[in-house]
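What follows is each chain in one-letter form.
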Amino acid sequence: QVQLVESGGGLVQPGVSLRLSCAASGNILSINQMAWYRQAPGKQRELVAPITSGTRTTSADSVKGRFTISRDNAKNTVYLQMNSLKPEDTAVYYCNMIVILTTGLEYTYWGQGTQVTVSS
């Protein structure tokens, strides 16, 4: 059993920064890819940024140059540093992890979601 707990969302004005965190706990042997997704009202969930176990990263064109994903393997935690936030970044943000359990099985887990609202 693995749980992902997110934190760091909130209501902010355009142009400011936020950092989201997502910590995994449970019967974890290792974690392959970690990622952040977001879902805006009335839209499909979209991939924001993934990071591999080898710390290779990519990001959606809409956040390139503003958002940075990183991970701390010792803490089983993934971060999303969001700078220069825009109203169109408003969404529920979800972390996602591909986890190798201590049993050797691989499962994909999701966080509960954290609301980010960018508004003046």
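Heads up: the structure comes first, above all this text.
Worth saying up front: this structure is predicted, and the values here are computed from it rather than measured.

1. Some thoughts on the packing of aromatic side chains
- All told, the structure shown has two aromatic pairs when counted by the stated rule.
- Ring geometry for Y107 versus Y109: centroids 6.3 Å apart, planes at 55 degrees, classification tilted.
- Taking the relative accessible area as the measure of exposure, Y107 reaches 42% and is therefore partly exposed.
- Residue Y109 is classed as buried on the basis of its relative accessible area of 17%.
- Taking the ring centre of Y94 as reference, the NZ or CZ of R45 above it sits at 3.8 Å.
- The positively charged end of R45 is found above the aromatic ring belonging to W110, 4.7 Å away from the centroid.

2. Re the side chain of T77
- One can find T77 in strand β7 (residues 77–82).
- Residue classification places T77 among the buried positions, given a relative accessible area of 7%.
- Polar side-chain contacts of T77 include one of 2.8 Å to the backbone oxygen of K75.
- Setting aside residues up to four positions removed in sequence, T77 forms contacts with C22, A23, M34, S70, R71 and D72.

3. So, the environment of S59
- Among the secondary structure elements, S59 is positioned in the loop between β5 (46–51) and β6 (67–72).
- Along the backbone, S59 and A35 are 24 residues apart, and their C-alpha atoms lie at a distance of 9.7 Å.
- In this structure S59 touches V48, A49 and K64, once residues within four positions along its chain are discounted.

The rules behind these values
- Residues numbered from 1 in each chain as written.
- Predicted model: local features only at pLDDT ≥ 70, side-chain atom pairs only at ≥ 80, totals over all residues.
- Heavy atoms only, no water.
- Phe/Tyr/Trp six-rings, centres within 6.5 Å; stacked < 30°, edge-to-face > 60°.
- Buried < 20%, exposed > 50% of the residue type's maximum accessible area, 1.4 Å probe, protein only.
- Lys NZ or Arg CZ within 6 Å of the ring centre and 35° of its normal.
- Helix = DSSP H or I, 4+ residues; strand = E, 2+ residues; numbered from the N terminus.
- Polar contact = N/O pair within 3.5 Å; in protein donor to acceptor, adjacent residues only side chain to side chain.
- Contact = heavy atoms within 4.5 Å.

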